[in-house]
Amino acid sequence: MALLPQLRAFARSLCGNATLADDLVQEAAIRAWSARATFVPGSSMKAWTFTILRNAFLSNLRKDRRQTAPSHDAMRDWTPAEQEDGLHIADLERALGRLGPERRAALLLVTIGDFSYAEAAQICDCPIGTLRSRISRARRDLGKMLDHPKPVD
Amino acid sequence: MLTQPDRPGNGRRKPNGTAPSPQRRERQPGWIQGLRQIYNSVLDEPLPPSFDSLLKKLDDENGGRG
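## What to know about the overall build of chain A
Then step 1. When you go through chain A residue by residue, the secondary structure sums to 7 helices and 0 strands.
Then step 2. Written out in order from the N terminus, the α and β elements of chain A read α-α-α-α-α-α-α.
Then step 3. Counting over 153 residues, chain A shows a buried share of 38%.
Then step 4. Considering only contacts in chain A between residues 6 or more positions apart, those separated by 24 or more positions represent 66%.

Pasting the structure below:
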């Protein structure tokens, strides 16, 4: 349970919504408790719980498309906020929400979850090459959205 | 010979919330700091009351197993 704050923080970045994130973490915690016999002693509890959380997130997305249904083209219909003083957190959260969930999860695991590529690939249940590709595209898309110049009038 | 762990933009593990070295910070896009800000802000929050009931439930189940 010492991981709850980290799980909440990861879930918040994934979901972009505090209530959904907390619901997700509680669901993941219950799943982890129920599956505790499958945890391999000596392996990373953090990676194991983050795996459960990620899987719960994607599972819920499939069941409820209302949470977020980003297009494959993150830039489509993207409207940059008018701002003069650099990146605002609200813009970042909006841009994150535009990323595909798989890419978003991959990016967050590595950039803020402090997982290595190998660990993140295991969590995402994909080859490292696939993970790299997801992260690369996520970074590209975020860069485009957040560095997008203001529309010319 | 491996000299760095396989991860982008940061060649070493760091505790949650600590900033990368100045050299690394210069090469990272600005939104990475924003991501950390979002993440760290939640880390600093107290657990909401709904989690108390979750913890109690798990404790109860653990106690029930004897």
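From this point, the narrative continues.
## Focus: unusual backbone geometry
Residues and elements named next belong to chain A.
Then step 1. At aspartate 114, a residue that is not glycine, the phi angle is positive and equals roughly 65 degrees.
Then step 2. In this fold, aspartate 114 is placed in the loop between helix H5 (101-111) and helix H6 (117-124).
Then step 3. For aspartate 125, which is not glycine, the phi dihedral falls at a positive 55 degrees.
Then step 4. Turning to its location among the elements, aspartate 125 is positioned in the loop between H6 and helix H7 (128-146).

## Brief notes about helix H4 (residues 89-98) of chain A
Then step 1. Residues of H4(A) that are buried include every one of Leu92(A), Ala95(A), Leu96(A) and Arg98(A), and no others. Buried positions in H4(A), seen along its axis, are confined to an arc of 155 degrees and lie on one side of it.

## A few points about the environment of Ser41(B)
Then step 1. Mapped onto the secondary structure, Ser41(B) falls in helix H2 (residues 30-43).
Then step 2. Between the alpha carbons of Ser41(B) and Lys56(B) there is a distance of 25 Å; along the sequence they are 15 residues apart.

## Concerning the interface of chain B and chain A
Then step 1. Counting from both sides, the interface comprises 26 residues of chain B and, opposite them, 27 residues of chain A.
Then step 2. Contributing elements (two or more residues each) for the side of chain B that touches chain A: H2 and helix H3 (49-64) of chain B.
Then step 3. Sort the elements by how many residues they give to the side of chain B that touches chain A and H2(B) lands first, with 11 residues.
Then step 4. Residue classes in the side of chain B that touches chain A are distributed as 16 nonpolar, 5 polar and 5 charged.

What counts, and where the lines are drawn
Residues numbered from 1 in each chain as written. Chains lettered and ligands numbered in written order. Predicted model: local features only at pLDDT ≥ 70, side-chain atom pairs only at ≥ 80, totals over all residues. Helix = DSSP H or I, 4+ residues; strand = E, 2+ residues; numbered from the N terminus. Buried ≥ 20, exposed ≤ 12 C-beta atoms within 10 Å, placed from the backbone. Contact = placed C-beta atoms within 7 Å. Arc of directions from axis to C-beta. Nonpolar A, V, L, I, M, F, W, Y, C, P; charged D, E, K, R; others polar.

Honestly, that's just the spatial picture; any functional story needs more than this.
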